[in-house]
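Here is what each chain is made of, one letter per residue.
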Amino acid sequence: MPARDPAQAPDDAARVPAPGPAQAPAQTPSQAPGHAQAQPQAPRARLHQAAAIALSEALRRAEVANHQQLAQEIAPLLVDVIGGEIEAEPALLARAAALRPVPGAVRQIWGEASRPPDKDAPPKPKLNRILALEKPGFAVIASWRQEGLAVEPTSTLVAAIKQFSSRDIHPPAELRVMNFHGGRVLMRASPRLILAAQFSAEPNPQDRARLDAAFKNLIKNGKPTDADLAGVVGRLKGAEGLRLTPARVAIAAAALLALGAALFGILREGPEARLQRLAAAAQAAQPALAGLPLRVSFDRDAHVALLSGLAPADADLDAFVRALPDAAPYRWELRMARIGGGDGETRLSQRMEAMAAEMRADRQRLAALADRLDRAEKWQADRTAEAETPRARLERLTRDVVILFLDEDHFLDPDQARRQIAEIAALLKATDSRLRVVGYSDSHGPPPKNLALSRARADVVRNLLVDHGIEPQRLIAVGRADHAPIAAENSADRRRNRRVTFEALDAAD
């Protein structure tokens, strides 16, 4: 049996488990002779009113206070944004059909919201405490703790944060997560400050986002106080109280879906679509033009609706222009190529060739854009797949896991240590990686004995990995005595130096 460390009776079992349009200004466009000036704002004003009614009903059913006033404020913004986007990009009109199956979507949302809660669902994570630590000494400068809740000593949590920070290689600008006593500790750091929030379990994404935003503000404002940390807790609890029930959310979502479909249905025939239809009707009313190519294109900056196409030499184009209705906010311009005579046919042929070349260039540009999009999506998929490979997961796990010892080769928490070893063994089986198992001791006792004791601890963990089916030649057990302590040797917390860590190696190492 290896020599025993001089040990002080543990006062706490500290452990670090594995992570497992704006609307365009009104203009007066030029018009064909005899055409009346239109009022382009009237349809949008009606949309504002229709949107306000639908939003008001949705918010009333969701029990939002002052729902009528709020709906009147939201509706014009919603309509202006949708209308402006469609005016800027007519191709969006074709996508309106995708919103047609609204009743099915409403039924699906309602069905999910009406489903009874899962009785086996885990309890909601609770925020236990928040610490503000000043670097480099990791001194506690502010704290908040849930009243009436028994938690680990602050020194234990601070030591775990210090160890995690010394080994964490991720960018400090990210919100970091550490497993601690079966729960989670969320941390954000700056060059001089660390803010840490201890939860009883994994918090939901909404709470993580709110906590991260609050931590960023505290770091920006300088050294936080106890009152500042209590304010963070108050904001989290306030956000929780504002959450609607699933049924209310379903009603509001269904109404907004219906509103979106209605607005797109109304806007689907915007000014340009209306002019396309009216030009086709005017062409059909002229027998000489019926069946010949006619194209309507739009210059939005000049507010011109350009009619181009073919017309017989004897066609009465003046009568065709007179038959066109008002084009507001555009004005009509006519560029028709007459068929008949050698010069006319030559010009027509040249025009058609130019149009064909323009269409080919457009298709090439679209193909190039589609290829770039495919490459970008493939790159993103490859990066995501790499992050979830067994090798990547093994590196993350071995970087975070520390197995603590009470004395000699006895685990501080045997059950947790065996769970961590089993997790590492499972990932090793999925890769060809090798693993260095590194044992440590505290500085009490003769150096030769401490070196032997640290190697004995590494051998204990290595043998358990072999028991899980890992080939011995893939495991390297080493002892480093009291090298790289993670706790002060003159404190009661020095027992944290009695530990085993892991280093993932390539198969060729």
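Description of the structure in this document. Just so we're clear, the structure is a prediction, and the values are computed from it rather than from any experiment.

As for unusual backbone geometry
Okay, so step 1: Across the junction of Lys135 and Pro136, the peptide omega takes the value 10 degrees, indicating a cis bond.
Okay, so step 2: As for its placement among the helices and strands, Pro136 is situated in the loop between β1 (127–134) and β2 (139–145).
Okay, so step 3: Omega for the peptide link from Ala328 to Pro329 comes to 10 degrees, which places this bond in the cis form.
Okay, so step 4: You will see that Phe138, though not glycine, has its phi angle at about 55 degrees, which is positive.
Okay, so step 5: The residue Phe138 is located in the loop between β1 and β2 in this model.
Okay, so step 6: In this structure Phe138 comes out as buried when scored by relative accessible area, which is 13%.
Okay, so step 7: In this structure, Glu408 is a non-glycine residue whose phi angle is positive, near 45 degrees.

Describing the pattern of salt bridges
Okay, so step 1: Here the structure, examined in full by the defined rule, presents 21 salt bridges.
Okay, so step 2: Between Arg391 and Asp506 there is a salt bridge, and its shortest N-O distance comes to 3.1 Å. Here Arg391 is found in helix α11 (residues 390–400), whereas its partner Asp506 is found in the segment after β13 (499–505), with 115 residues between them in sequence.
Okay, so step 3: With a shortest N-O distance of 2.5 Å, Arg436 and Glu503 are connected by a salt bridge. One end of the pair, Arg436, is in strand β11 (residues 434–439); the other, Glu503, is in strand β13, with 67 residues separating them in the sequence.
Okay, so step 4: We classify Glu503 as partly exposed; its relative accessible area is 24%.

Focus: the pairing of strand β7 (residues 304–312)
Okay, so step 1: The element β7 is extensively covered by neighbouring structure, given that nine of its nine residues are classed as buried.
Okay, so step 2: Taken together, the six bridges between strand β6 (residues 294–299) and β7 define a ladder with antiparallel strand orientation. Across the sheet, residue Arg295 finds its bridge partner in β7, namely Ser308.
Okay, so step 3: What sits between the antiparallel neighbours β6 and β7 is a turn of four residues, in which His303 has the positive phi angle 55 degrees.
Okay, so step 4: In this structure, β7 lies alongside strand β8 (residues 331–339), joined through nine bridges in parallel fashion. Looking across to β8, one finds that Ala311 is bridged to Arg338.
Okay, so step 5: Tracing the backbone out of β7, into helix α9 (residues 317–323) and back to the parallel element β8 gives a crossover that is right-handed.

A closer look at the packing of α11 against helix α12 (residues 414–429)
Okay, so step 1: Contact geometry of α11 with α12 gives a least axis separation of 9 Å together with a crossing angle of 155 degrees. Taken together, the axis directions place α11 and α12 in an arrangement best described as roughly antiparallel. Between α11 and α12 lies a crossing of left-handed hand. Here α11 contributes Pro390, Arg393, Leu394 and Leu397 to the contact with α12, which in turn contributes Glu423, Ile424, Leu427 and Leu428.
Okay, so step 2: Within the contact of α11 with α12, the residues separate by chemical class into six nonpolar, no polar and two charged.

Focus on the packing of α12 against helix α13 (residues 447–467)
When two helices pack together, their arrangement is captured by the angle between the axes and the distance separating the axes.
Okay, so step 1: The contact between α12 and α13 brings their axes to 9 Å, and the two run at 55 degrees. When the axes of α12 and α13 are compared, the pair comes out oblique. As α12 packs across α13, the resulting crossing turns out to be right-handed. Between α12 and α13, the residues in contact are Ile421, Ile424 and Ala425 and Val461, Leu464 and Leu465, respectively.
Okay, so step 2: Residues of the contact of α12 with α13, tallied by class, amount to six nonpolar, no polar and no charged.

Thoughts on the sheet that holds β2
Okay, so step 1: If you walk across this open sheet you meet the five strands as β2-β1-β5-β4-β3, and the pairing is antiparallel. Of all strands in the sheet, those with a lone pairing partner are β2 and β3 (176–180), marking the two edges. Along the sheet, successive strands turn relative to each other by an average axial angle of 20 degrees, direction set aside.
Okay, so step 2: As paired elements, β1 and strand β5 (residues 193–199) share seven bridges and run antiparallel to each other. For Leu131, the partnering residue across the bridge sits in β5 and is Ala196.
Okay, so step 3: Helix α4 (residues 154–167) rests against β1, β2, β3, β4 (183–189) and β5 of the sheet, and its axis sits at about 130 degrees to β3.

A closer look at the nonpolar core
Okay, so step 1: Counting residues in each nonpolar core, the largest one holds 22 residues, and the members touching the most others are Ile403, Ile424, Leu435, Val437, Val461, Leu465 and Phe502.
Okay, so step 2: Within the residue set of this core, elements represented by two or more residues are α11, β9 (403–407), α12, β11, α13, β12 (475–479) and β13.
Okay, so step 3: Considering each element in turn, this core owes the most residues, six residues, to α12.
Okay, so step 4: If you look at the next biggest cluster of nonpolar residues, it comprises 19 residues, including Leu175, Leu186, Leu195 and Ala197.

Some thoughts on the environment of Pro293
Okay, so step 1: Relative to the assigned elements, Pro293 resides in the loop between α8 (271–284) and β6.
Okay, so step 2: Sequence spacing of Pro293 and Met336 is 43 residues, and the spatial spacing of their C-alpha atoms is 9.9 Å.
Okay, so step 3: Excluding residues within four positions of it along the chain, Pro293 makes contact with Gln283, Ser308, Gly309 and Leu310.

Details of the pairing of β9
Okay, so step 1: Counting buried residues in β9 gives four out of five residues, a clear majority hidden from the surface.
Okay, so step 2: Note that β9 and β13 share two bridges and pair antiparallel. Within β13, the position partnered with Ile403 by the bridge is Val500.
Okay, so step 3: Note: β9 against strand β10 (residues 410–411), two bridges, orientation antiparallel.

As for α12
Okay, so step 1: Between its first and last C-alpha atoms α12 spans 23 Å; for 16 residues at 1.5 Å apiece the expected length is 22 Å, and the two agree.
Okay, so step 2: Those residues of α12 not exposed but buried are Gln416, Ala417, Gln420, Ile421, Ile424, Ala425, Leu427 and Leu428.

Regarding the sheet that holds β13
Okay, so step 1: Taken in spatial order, the five strands make up an open sheet running β10-β9-β13-β11-β12, and their pairing is mixed. Of all the strands in the sheet, the pair left with one neighbour each is β10 and β12.
Okay, so step 2: Strands in contact with α13 are β9, β10, β11, β12 and β13; relative to β12, the strand with the most contacts, it is inclined by about 160 degrees.

Things to note about the side chain of Glu152
Okay, so step 1: Here Glu152 is to be found in the loop between β2 and α4.
Okay, so step 2: Judged by relative accessible area, which is 16%, Glu152 ranks as buried.
Okay, so step 3: A polar contact of 3.2 Å, which involves the side chain of Glu152, links it to the side chain of Gln198.

What counts as what
Residues numbered from 1 in each chain as written. Predicted model: local features only at pLDDT ≥ 70, side-chain atom pairs only at ≥ 80, totals over all residues. Heavy atoms only, no water. Helix = DSSP H or I, 4+ residues; strand = E, 2+ residues; numbered from the N terminus. Buried < 20%, exposed > 50% of the residue type's maximum accessible area, 1.4 Å probe, protein only. Salt bridge = Lys/Arg side-chain N within 4 Å of Asp/Glu carboxyl O. Pairing = 2+ DSSP bridges. Right-handed = clockwise from strand over helix to strand, strands pointing away. Axes fitted to C-alpha atoms, helices over the stretch in contact; angles between N-to-C directions. Parallel < 35°, antiparallel > 145°, perpendicular 65-115°, else oblique. Left-handed = near helix turned anticlockwise from the far one by under 90°. Contact = heavy atoms within 4.5 Å. Nonpolar A, V, L, I, M, F, W, Y, C, P; charged D, E, K, R; others polar. Core = buried A, V, L, I, M, F, W, Y, C linked by side-chain atoms within 4.5 Å. Expected span 1.5 Å × (residues − 1). Polar contact = N/O pair within 3.5 Å; in protein donor to acceptor, adjacent residues only side chain to side chain.

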